[in-house]
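Chains, contacts and geometry: an overview
Each chain, letter by letter, is given below.
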Amino acid sequence: MNQELIERIVAEAIRQLEQSGCVVLPNRTEEEIVPQPCEDIVSPACKAVPLLENPLDPEGLARMKKQTTARIGVGRCGARLKTQTALALRADHANARDAVFADVDPKFLESMGLFQVQSACKDKDTYLTRPDLGRLLEKPTLDELKKRCVLNPDVQIYAADGLSSKAIEANLGRILPILVQALEDKGLKVGTPFFLRYGRVGSEEYVAEALGAKVVCVLIGERPGLATAESMSAYIAYNAYVGMPESKRTVVSNIHKNGTAAVEAGAYIAEVIDKILEQKASGVDLIK
Amino acid sequence: MADLLSVGIDIGTTTTQLIFSKIKMENTTGYFAVPRISIVDKEILYQSEVHLTPLLTETLIDSDGVREIVAQEYQKAGIVPSSVDTGAVIITGESARKENARAVMERLSAFAGEFVVSTAGPDLESVIAGKGSGAWAYSLDHHCEAVNLDIGGGTTNIVVFSEGDVIAKGCFDIGGRLIRVENGRITHISPSAKLVAESLGLSVQVGNAADAAQLSKITDRMAELLAESLGLLPKSALLDAVTTNNSTPLTYRTKPKTAVFYSGGVANRIEPLSAEPFPYGDIGALLGASVFRGTLFGETTAQQSTQTIRATVVGAGMFTTTVSGSTITCTSAQFPMKNIPVLKLTPDEQEQCFLGNVQALISRIRWFCEQSETEQLVLALPGKENPEFPEAKRLAVCLADALEQTLPKDAPLLVLIETDIAKAVGILMRSVLGSARDVVCIDCVRVEQGDYMDLGKPLFDGLVIPIVVKSLLFG
């Protein structure tokens, strides 16, 4: 979309809003109504304004909108969504798709000091259509890990893109340093962190086996929704082995700027890992 | 699940009461998320009788008498002081102005349980009564504003909630026992009642015959003063004269039909006057009848209070304890900690900490300790929602350095952050300090400069700390 089109859409949206009486801009004369610098229609500030015309209880609607990121109070035009709602929906969807299809920027990984390996998937399409290959690490990859990583650590942490590369770029810089520091402060031997491209949760069994880690923890991008594309989870397992049941995994989810802040999640995960080592158990066997 | 046993003790102008309640807490998030412990239920276990507050003289509370009442009620309830986890002893209305109020409180809170706080101050009383009466819950449930008037013997405490937030509060020397009557004669007139009488050109003296018609004029004026205070009538100079010392000016303008709750002893008598004008030997029933006839009652919507005469004690027992966020850092074992003053940084001062400006923070802490004559404090800051790691680290280093240099050697470092980042900051502080210093870093609690805090023993295996935030100790 070019700038001019965006400005026209925004001007139209503002005009409609003013007409509907939902937004009253103070003391505006005719000539002052010129297109504003492009408003970001997917921004929380913009979404907070109800587009519904003449709501019966405007305050009640405002309260409901504060409680949810769902698209309520958006009104309609005939049987359709309003232009702004339709555009915002498509933009959010595009954002979610981008998060899945984009690759984590190699410069970002470099700045984090992480080297990169790849699952058995050759490309993104294979990755998305073959979950089994996304879990699998082939022998050359495992050999490389053995060569480049500290062996037999107490805790092996690594990151994987999973279904959201954006989640990695948004959270990894905040969560990884505190997690490593908190574990080292507890006197634990932390393995060499790295990044796994096209990786799924089940890859942690291969990593744990190859490196002899007591605890393995993968920080992975979650499948994006229309509310956020940046949610990350940590899947943690004690003595992981290939073929291990899913119930042995401990998970900490919803790590993003509107969920649990990444630094705080890192501090919390360090404590969970400490508990896992103490109890020699994870998943449903772990007594929280 | 964990239960806290909470006690509430209220020593009011006229009555002394006590309740025990159970506060239930639970992890309210799912198995796969970071835990969040919340208070899920509250239940009254025992309510005492309504005792008259024992007095030695007009200006002295009978400390032994109060202790005796409390000891008896503990016994009747079958509860030993050591089993009480939390709660509040509060001294309200005119009782708070007695010469030995502070001594009575200290004696009582030492006896009543290890972690029982003693609080006072007209503003806090208003809020506590409003929570006890049900006004607070109503404003939350109905997404509206709700007013509570706690009309007691010596004072009327007013609070206005908007969806659970306190938006206005105030206290006035208007109450049911400002004029007392015995055998048809007036035996006591408080200074504020005298002012009201004088403003009406009435001469009312101790020893005069108690004339219900004359005294009704006075209570009518008192009721209209309450309407003035809530903006329903123009404010008169007399209103200022009967405003309780140290009370916040009440700046709220009540809209028609606003939900209004009445609590306190007089609340039970807001009705037409019965044949007997002085059933309690005071003007309480007259005042109730005046409120019933008055502008306030006429123009607003009176709601059924869940508690009337017990509102303050119920508020003290059930609504003073909160819990911290559930991801915190806590290495100290010296709980409970009581009456710790709060130093709250402004957003600008906090920014300096995020930038690592240790010197600025050190001088701020030193100044605060000097001003408040304290050696211990809770350093509170607004925090950030999603800080970068280096930011969080600079903050932690700055806090650790500044507190380490300013607090006594064995004192734990207490930090409170309003956003949910305390575990991270606490861990990073410990990284700097090593294990020589205890660190307590908690979050998700809102405090203001000038508040005091009590911290209880950690619960749920150290996940949370029960907290009481107090807005005012003795002035």
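Remember, it's a predicted structure, so these values are computed and weren't measured experimentally.

Considering the overall build of chain A
Of regular secondary structure, chain A possesses eleven helices and six strands. With the C-alpha coordinates of chain A rotated into their principal frame, the extents come out at 70 × 40 × 35 Å. Within the span of chain A, comprising 288 residues, buried residues form 36% of the whole. Within chain A, contacts between residues at least 6 apart in sequence are counted, and of these 71% link residues at least 24 apart.

Some remarks on the overall build of chain B
Along its length, chain B carries 14 helices and 23 strands. A compact globule built from 475 residues would reach a C-alpha radius of gyration of about 23 Å, and chain B, at 24 Å, matches this within 12%. Projecting the C-alpha coordinates of chain B onto the three principal axes gives extents of approximately 75 × 50 × 45 Å. Each of the 475 residues in chain B was classed as buried or not, and the buried ones make up 50%. In chain B, of all internal contacts separated by at least 6 residues, the share reaching a separation of at least 24 is 72%.

As for the sheet that holds strand E22 (residues 452-455) of chain B
All names here are of chain B. Sheet architecture is open: eight strands sit in the order E16-E23-E22-E18-E19-E20-E21-E17, paired in mixed fashion. At either end of the open sheet lies a strand with only one pairing partner, and these are strand E16 (321-323) and strand E17 (329-330). Strand direction decides the pairing type here: E17 and strand E21 (residues 439-443), joined by two bridges, are antiparallel. Residue pairing for E21: Thr-329 is matched across the bridge by Cys-441. Those strands touched by helix H14 (residues 422-433) are E17, strand E20 (413-417) and E21, and its axis lies near 165° from that of E21.

Examining the nonpolar core
Counting residues in each nonpolar core, the largest one holds 188 residues, and the members touching the most others are A:Cys217, B:Leu399 and B:Val425. The residues contacting B:Val425, other than those within four sequence positions of it, are B:Ala392, B:Leu395, B:Ala396, B:Val415, B:Ile417 and B:Cys441.

Some remarks on the interface of chain B and chain A
Chain B puts 18 residues into the contact, and the matching count from chain A is 23 residues. Among the secondary structure elements, those contributing two or more residues to the side of chain B that touches chain A are helix H13 (389-406) and H14 of chain B. Among the elements that make up the side of chain B that touches chain A, the one with the highest residue count is H14(B) (five residues). Considering only residue class, the side of chain B that touches chain A consists of nine nonpolar, four polar and five charged.

Thoughts on the sheet that holds strand E4 (residues 215-221) of chain A
Residue and element names in this part refer to chain A. The strand order across the open sheet built from six strands is E1-E3-E2-E4-E5-E6, with neighbouring strands paired in mixed fashion. Of all the strands in the sheet, the pair left with one neighbour each is strand E1 (116-118) and strand E6 (249-255). Averaged over neighbouring strand pairs, the angle between their axes works out to 25° when direction is ignored. Examined bridge by bridge, strand E2 (residues 155-160) and strand E3 (residues 195-197) share two bridges and lie parallel to one another. What sits directly across from Ala-159, in E3, is Phe-195.

With respect to H13(B)
Taking 1.5 Å of rise per residue, the 18 residues of H13(B) would be expected to cover 26 Å, and the 26 Å separating its terminal C-alpha atoms lies within 8% of that figure. Among the residues of H13(B), B:Phe389, B:Ala392, B:Lys393, B:Leu395, B:Ala396, B:Cys398, B:Leu399, B:Ala400, B:Ala402, B:Leu403 and B:Thr406 are the ones counted as buried.

Quick notes on the environment of B:Gly130
All names here are of chain B. Along the chain, the position of Gly-130 falls in helix H3 (residues 122-133). In this structure Gly-130 comes out as buried when scored by C-beta crowding, with 33 C-beta atoms within 10 Å. A C-alpha to C-alpha distance of 7.6 Å links Gly-130 and Leu-149, two positions 19 residues apart in sequence. Leaving out residues up to four positions away in the same chain, Gly-130 has contacts with Ala-135, Trp-136, Asn-148, Val-159 and Phe-161.

A look at the domain arrangement of chain B
Residue and element names in this part refer to chain B. Split by domain assignment, chain B resolves into domain 1 (2-119), domain 2 (125-309) and domain 3 (324-470). Put simply, the middle of domain 1 and the middle of domain 2, counted by C-alpha atoms, are 25 Å apart. Counting residues at the interface gives nine residues for domain 1 and ten residues for domain 2. Partitioning the side of domain 1 that touches domain 2 into residue classes produces two nonpolar, six polar and one charged.

Description of the environment of A:Gln156
Summarising the element assignment, A:Gln156 is placed in strand E2. Those residues in contact with A:Gln156 that sit more than four places away from it in its chain are A:Gly191, A:Val207, A:Ala208, A:Leu211, A:Ala213 and A:Val216.

So, unusual backbone geometry
B:Pro336 follows B:Phe335 through a cis peptide bond whose omega is -5°. Secondary-structure assignment places B:Pro336 in the loop between E17 and strand E18 (337-344).

Concerning the domain arrangement of chain A
All names here are of chain A. Per the domain assignment, the segments making up chain A are domain 1 (3-101) and domain 2 (106-285). One C-alpha centre belongs to domain 1, the other to domain 2; they are set 38 Å apart. Each partner contributes residues to the interface: domain 1 has eight residues there, and domain 2 has ten residues.

Structural notes on the packing of helix H11 (residues 262-279) of chain A against H14(B)
Where H11(A) meets H14(B), the axes come as close as 7 Å, and the angle between the chain directions of the two elements is 65°. With respect to their mutual orientation, H11(A) and H14(B) come out roughly perpendicular. In the crossing of H11(A) with H14(B), the sense of the turn from one axis to the other is left-handed. Residue-level contacts link A:Val263, A:Glu264, A:Gly266, A:Ala267 and A:Tyr268 of H11(A) to B:Lys423, B:Ala424 and B:Ile427 of H14(B). For the contact of H11(A) with H14(B), the per-class residue count stands at five nonpolar, one polar and two charged.

Points about the confidence of the model for chain B
This prediction gives chain B a mean pLDDT of 89; 98% of its residues lie at or above 70. Interface confidence for the predicted complex, expressed as ipTM, amounts to 0.80; the pTM equals 0.82.

Description of the pairing of strand E23 (residues 466-470) of chain B
All names here are of chain B. For E23, the tally of buried residues reaches five of five residues, placing the bulk of the element in the interior. Alternating positions in E23 separate into two faces, Pro-466, Val-468 and Lys-470 on one and Ile-467 and Val-469 on the other, with burial throughout. Pairing geometry for E16 and E23, over three bridges, is antiparallel. Across the sheet, the residue bridging to Val-323 is Pro-466, located in E23.

Some points on the pairing of E22(B)
All names here are of chain B. Here E22 shows two buried faces, one formed by Tyr-452 and Asp-454 and the other by Met-453 and Leu-455. Strand direction decides the pairing type here: E18 and E22, joined by three bridges, are antiparallel. Note that in E22 the partner of Pro-341 across the bridge is Tyr-452. Of the strand pairs in this sheet, E22 and E23 are connected by four bridges, and their pairing is antiparallel.

Digging into the environment of B:Ser363
All names here are of chain B. One can find Ser-363 in helix H12 (residues 358-371). By C-beta crowding, Ser-363 is classed as exposed, having 12 other C-beta atoms within 10 Å. The sequence separation of Ser-363 and Ala-422 amounts to 59 residues, and the corresponding C-alpha distance is 23 Å.

Topic: the packing of helix H6 (residues 212-229) of chain B against helix H8 (residues 284-293) of chain B
Pairs of packed helices are described in terms of their axes, by the angle between the two and the distance that separates them. All names here are of chain B. It is the contact of H6 with H8, at a shortest axis distance of 8 Å, that shows an interaxial angle of 55°. Of the possible angle classes, the one that applies to H6 and H8 is oblique. Our pair here, H6 against H8, has a crossing hand that is right-handed. Packed against H6, whose contacting residues are Ala-212, Leu-215, Ser-216, Thr-219, Asp-220, Met-222 and Ala-223, the element H8 presents Leu-286, Leu-287, Ser-290 and Val-291 at the interface.

Details of the confidence of the model for chain A
For chain A, the mean per-residue pLDDT works out to 89, and 93% of the residues sit at or above 70. Low pLDDT (under 50) marks residues 28-33 of chain A, which in the prediction has one contact with non-local residues, meaning those over four places away or in another chain.

Criteria and thresholds
Residues numbered from 1 in each chain as written. Chains lettered and ligands numbered in written order. Predicted model: local features only at pLDDT ≥ 70, side-chain atom pairs only at ≥ 80, totals over all residues. Helix = DSSP H or I, 4+ residues; strand = E, 2+ residues; numbered from the N terminus. Buried ≥ 20, exposed ≤ 12 C-beta atoms within 10 Å, placed from the backbone. Contact = placed C-beta atoms within 7 Å. Rg over C-alpha atoms; globule rule 2.2 N^0.38 Å. Pairing = 2+ DSSP bridges. Axes fitted to C-alpha atoms, helices over the stretch in contact; angles between N-to-C directions. Core = buried A, V, L, I, M, F, W, Y, C linked by C-beta atoms within 7 Å. Nonpolar A, V, L, I, M, F, W, Y, C, P; charged D, E, K, R; others polar. Expected span 1.5 Å × (residues − 1). Domains from an automatic or database assignment. Parallel < 35°, antiparallel > 145°, perpendicular 65-115°, else oblique. Left-handed = near helix turned anticlockwise from the far one by under 90°. pLDDT = per-residue confidence, 0-100.

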